[in-house]
Amino acid sequence: MRIAVGLAALVALALAAGIVPPAVASTAASTAASDPSVQCRFQDARFTEISGMTYSQRHPGIVYLHNDSGGGPRIYAVDASTCRTVATLTLRGAQARDFEAIGSGRDAKGRPILWVADIGDNLNSWSEVRLLRVREPKVLRDRTLGARTFRFTYSDGPHDAEALLTDPRSTRVWIVTKKLANGSLYELPARLRSDRVNIARRIGQAPGMITDGAVSPDASRYALRDYVDASLFDGLPQGRRAGTVYLPFELQGEALTWTPDGSALLVAGERDNRLYRVPIVLR
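Residues numbered from 1 in each chain as written. Predicted model: local features only at pLDDT ≥ 70, side-chain atom pairs only at ≥ 80, totals over all residues. Heavy atoms only, no water.

Caption draft 1: Broad picture of the overall build of the chain. For the chain, the helix and strand inventory stands at two helices and 20 strands. Within the chain, the proportion of its 283 residues that are buried is 55%. Put simply, 54% of the contacts in the chain that link residues at least 6 apart link residues at least 24 apart. (Helix = DSSP H or I, 4+ residues; strand = E, 2+ residues; numbered from the N terminus. Buried < 20%, exposed > 50% of the residue type's maximum accessible area, 1.4 Å probe, protein only. Contact = heavy atoms within 4.5 Å.)

What follows is the structure in structure tokens.
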């Protein structure tokens, strides 16, 4: 089984580099999944590069997702059972340089919020990146929402990152950088300032090639995904490694969140219209 997964990982990297045809990739990775099922298929033509996804704390059965760079400052509320787009939320004043992740949290008054991470930096060159905080709307309809922007950088210089971890019970936020062998886990200040550049400090190591992450709704675990597997950890970052969940092969699989009961992961890809449900079966 691990041989198949290893082959799938090589195929995924080769595919990202454009040197393996999709048909070959699909065959090589056919045994790398952990009994997934297709929840539904996205029909919204705007979902061209799904890069981040999170569960709603206010609306049962809803997930929020967004596109990668070029998708504009918009997030979409989607019915996770039908893949129907329920609402388009435009973020006022946001630039959306390279949206890579989204997470669910609570503000200081305990109200549900969404964090949107504008943290992509393929050349490791940006002097600062951004985190946007949005109040989760009580009513889902097409609308424009105010977003508060927090600028930050890393304590040891610029990094490319695609994964955001957020505590669903508080304002705590972590970032996981994307590196080939091993990434790093960074923690942002508990009280972010909008009038200055905040500093994210390294608190530990993370697996390589991480494309998304999410904390479970009860905050008992978190998951980090790459193009093939999801690594599970007990507790909040930096937690104890609990095991691995094999994911279905997707063309550039990047988005991950949890089902409301924490029994499964939902995953999606940039070049795949399927929303998968993957039961938590540790290997």
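Caption draft 2: Main features of the sheet that holds strand β1 (residues 37-41). Pairing is antiparallel in the open sheet, where four strands are placed in the order β1-β20-β19-β18. Lying at the two open borders of the sheet, with one neighbouring strand each, are β1 and β18 (253-258). Here the average twist between neighbouring strands, direction ignored, is 25°. Of the pairings in the sheet, the one linking β18 to strand β19 (residues 264-269) comprises five bridges and is antiparallel in character. Bridge assignment links W258 to a residue of β19, and that residue is L265. (Pairing = 2+ DSSP bridges. Axes fitted to C-alpha atoms, helices over the stretch in contact; angles between N-to-C directions.)

Caption draft 3: View of the environment of L123. Counting through the fold element by element, L123 comes out in the loop between β7 (112-118) and β8 (129-135). Take L123: its relative accessible area is 72%, and that puts it in the exposed class. Linking L123 and D160, residues 37 residues apart in sequence, is a C-alpha distance of 7.3 Å.

Caption draft 4: Summary view of the nonpolar core. Of all hydrophobic cores here, the largest spans 18 residues; its most connected members are W115, L131, F152, Y154, L164, I175 and L188. Discounting chain neighbours no more than four positions away, the residues touching F152 are I119, E128, V129, R130, L131, I175, L188, V197, N198 and A200. Listed in part, the 17 residues of the second largest apolar core include I62, I75, A77 and A94. (Core = buried A, V, L, I, M, F, W, Y, C linked by side-chain atoms within 4.5 Å.)

Caption draft 5: Seen up close, the packing of aromatic side chains. Applying the stated rule across the entire model yields six aromatic pairs. An angle of 50° between the planes, with centres 6.2 Å apart, marks the rings of W115 and F150 as tilted. Placement of W115 in strand β7 and of F150 in strand β9 (residues 143-154) is noted, with a sequence separation of 35 residues between them. According to the relative accessible area criterion, W115 is buried, its value standing at 1%. Residue classification places F150 among the buried positions, given a relative accessible area of 2%. (Phe/Tyr/Trp six-rings, centres within 6.5 Å; stacked < 30°, edge-to-face > 60°.)

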